[in-house]
Amino acid sequence: MPTKLSTDASIAEPITCIISDVDGVMTDGRIVYDDHGVETKRFHVRDGLGIKLWMRSGFAFAILSARQGNAVKKRAAELGIEHVAQGFEKKWPAAESLFDAIGCRPEQVCYIGDDLPDIAVMKRVALAVSPADAATDARDAAHWVLQKQGGEGAVRELVERLLRAKGVWQDHLDLN
């Protein structure tokens, strides 16, 4: 667990996997239905690039959501995210299954969440993170509270901070 005296580099060093909640982290947390009852979500494009850069750097990224929906499946497929667990209100058992599928241990995982169902995972991984607008208890459980709000580039901020701390962010600045 990071301490207040830990550097970003020492915190980031063991992290090989980010697991992210969706609603309130990758989105602004709003659930919108059209006239036909179809749910829509808004994802931030910079989060998407951040996720791709994280994975291009050789690290794993997974999604863990209490809700289930086609928009998440589509976005995950679009970004090349292989590990997606939806429909799990009790997130810790689902997180353990993701660890097994990915081949990592909790001490290698960064989890980003924004509300009460996320806290069980946040308390058991190496690095717990929340967006700026997360619920109070989730912010209290986080080692890092980001400047960005959910759905407004919070995942990108996290990825960039970790990749900079690992010394590999610079590798992505010239994508040509």
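About the thresholds
Residues take numbers from 1 onward in each chain, read along the sequence in its written order. Residues qualify for local features only when their pLDDT is at least 70, as the model is predicted, and side-chain atom pairs are given and counted only at 80 or more; totals for whole chains, interfaces and linings, by contrast, use all residues. Only hydrogens and water are set aside; all other atoms, that is, all heavy atoms of the structure, feed into the side-chain values. One side-chain nitrogen of Lys or Arg within 4 Å of one carboxyl oxygen of Asp or Glu is enough to make a salt bridge. Exposure is judged per residue with a 1.4 Å probe applied to protein chains only, and the accessible area is read against the type maximum: over 50% gives exposed, under 20% gives buried, and values in between give partly exposed. For two strands to count as paired, DSSP must find a minimum of two bridges between them. Strands here are runs of E lasting at least two residues and helices are runs of H or I lasting at least four, both read from the DSSP assignment and numbered beginning at the N terminus. Contacts are assigned to residue pairs with any non-hydrogen atoms lying within 4.5 Å of each other. A fitted line through C-alpha atoms serves as each axis, taken over the contacting stretch for helices, and the angle formed by two N-to-C directions is quoted from 0 to 180°. By this rule, a helix spans an expected 1.5 Å times one less than how many residues it contains. Throughout, the arc means the angular range of directions from the helix axis out to the C-beta atoms.

Description of the pattern of salt bridges
Taken as a whole, this structure holds 12 salt bridges when the rule is applied. Across the pair Glu 39 and Lys 41 runs a salt bridge whose closest N-O atoms are separated by 2.7 Å. Owing to a relative accessible area of 19%, Glu 39 belongs among the buried residues under this scheme. For Lys 41, a relative accessible area of 14% corresponds to the buried category. A single network of salt bridges, built from pairs that share partners, joins Asp 23, Glu 39, Lys 41 and Arg 67.

Focus on the sheet that holds strand 5 (residues 83-86)
The sheet built from 6 strands is open, its strands ordered 5-4-1-6-7-8 with parallel pairing. Edge strands, defined here as strands with exactly one partner in the open sheet, are strand 5 and strand 8 (144-145). Across the sheet, helix 3 (residues 70-79) lies against strand 4 (60-65) and strand 5, angled at about 170° from strand 5, the strand it touches most.

Regarding helix 4 (residues 91-102)
When the terminal C-alpha atoms of helix 4 are compared, their 16 Å separation across 12 residues agrees well with the 16 Å that a helix rising 1.5 Å per residue should span. Within the sequence span of helix 4, burial applies to Lys 91, Trp 92, Ala 94, Ala 95, Leu 98 and Phe 99. The arc that holds every buried residue of helix 4, seen down its axis, measures 155°, which confines them to one face. As for helix 4, its buried residues are in contact with strand 1 (17-20), strand 4, strand 5, strand 6 (109-112) and helix 5 (119-122). Within two residues after helix 4, Gly 103 carries a phi angle of roughly 90°, on the positive side.

Thoughts on the pairing of strand 6
Of the two faces of strand 6, the one lined by Val 109 and Tyr 111 and the one lined by Cys 110 and Ile 112 are each fully buried. Relative to strand 6, strand 1 runs parallel, the two being bridged by 4 bridges. Its bridge partner lying in strand 6, Ile 19 is registered against Tyr 111. Bridge analysis of strand 6 against strand 7 (residues 127-130) gives 3 bridges, and the strand direction is parallel. Directly across from Ile 112, in strand 7, lies its bridge partner Val 129.

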